[in-house]
Amino acid sequence: MHEFKTLSGRLIEARRYLTRAARLRDHDPARERWELWLTTTDGQEEKHVVASRLMPARSGHAVTLILLGDEPVGMFNLDAGYRVNFARADPALLLRPVDVAFVVFGALASILA
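Anyway, here's the lowdown on the structure attached to this text.

Reading the values: rules and limits
Residues numbered from 1 in each chain as written. Predicted model: local features only at pLDDT ≥ 70, side-chain atom pairs only at ≥ 80, totals over all residues. Heavy atoms only, no water. Helix = DSSP H or I, 4+ residues; strand = E, 2+ residues; numbered from the N terminus. Buried < 20%, exposed > 50% of the residue type's maximum accessible area, 1.4 Å probe, protein only. Contact = heavy atoms within 4.5 Å. Areas by Shrake-Rupley, 256 points an atom, 1.4 Å probe, with all protein chains shown as cover. Pairing = 2+ DSSP bridges. Axes fitted to C-alpha atoms, helices over the stretch in contact; angles between N-to-C directions. Core = buried A, V, L, I, M, F, W, Y, C linked by side-chain atoms within 4.5 Å.

### Some remarks on the overall build of the chain
Per the secondary structure count, the chain includes two helices and six strands. Order of helices (α) and strands (β) in the chain, N terminus to C terminus: β-β-β-β-β-β-α-α. A burial count over the chain gives 27% of its 113 residues as buried. Partitioning the intrachain contacts of the chain with sequence separation of at least 6 by distance along the chain shows that 43% fall at a separation of at least 24. Working note: accessible area of the chain is about 8200 Å², and carbon and sulfur atoms make up 57% of it.

Written out as C-alpha cells, the structure reads:
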C-alpha cells in the first residue's frame, strides 16, 4: 500500500526546463520538467521537480502538492481551483506516426493490387 503525503504552501517560483527541442513525432513527457519552489506554512522553502507539460499554478498561488515518498504526483491550486494528476497528465501515445503511415500505405497497396 502506498502512503501519500500532502504539502501545502505558497508557490514562490515555477521554472520550466526543456531537455531538448520538441519534435513533431516525439512524445516524451520526461523532456519537459518544472522546478517548483514552495514556502510551506511553517516558513521553510522546498524544491520539487515535476516531469509534466501541465502546470496549473503561477508564482504567488497557494497550492497543495500530493507526494508519493518525496516525488510529487499531483497538485491542487487553492486559489484558482485547478488540479492536475502528474501521473496521468502526459499519457503515452496509442499510435505513432509510423503506425498510421503503415495503415494508409497498406490500404493504398491493397486498392491498387
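### Side note on the pairing of strand β2 (residues 32-40)
Here strand β1 (residues 4-18) runs beside β2; their pairing, made up of nine bridges, is antiparallel. Within β2, the residue paired with Ala14 across the bridge is Leu36. Summarising the sheet, β2 and strand β3 (residues 45-50) pair through six bridges and their orientation is antiparallel. What sits directly across from Trp34, in β3, is Val50. Taking the residues between adjacent antiparallel strands as the criterion, β2 and β3 are bridged by four residues, where Gly43 takes a positive phi near 95°.

### Things to note about the sheet that holds β1
Adjacent strands of a sheet form backbone hydrogen bonds with each other and so pair up, either parallel or antiparallel. With antiparallel pairing, the six strands of this open sheet are ordered in space as β3-β2-β1-β4-β5-β6. The strands lining the two open edges of the sheet, one partner per strand, are β3 and β6 (83-85). Neighbour-to-neighbour, the strand axes of this sheet turn through a mean angle of 40°, independent of strand direction. In this structure, strand β5 (residues 71-77) lies alongside β6, joined through three bridges in antiparallel fashion. Of the residues in β6, the one forming a bridge with Phe76 is Arg83.

### Describing the environment of Leu38
Relative to the elements of secondary structure, Leu38 occurs in strand β2. Spatially, the C-alpha atoms of Leu38 and Ser8 are 8.3 Å apart, while their sequence positions differ by 30 residues. With sequence-adjacent residues up to four places away left out, Leu38 is seen in contact with Leu7, Arg10, Leu11, Ile12, Gln44, Glu45, Glu46, His48, Val63 and Leu65.

### Structural notes on the nonpolar core
Leu36, Leu38, Met55, Leu65, Met75 and Phe86 are the most contacted members of the largest nonpolar core, which totals 14 residues. If we skip the residues at most four places from it in the chain, Leu65 touches Lys5, Thr6, Leu7, Leu36, Leu38, His48, Pro72, Gly74 and Met75.

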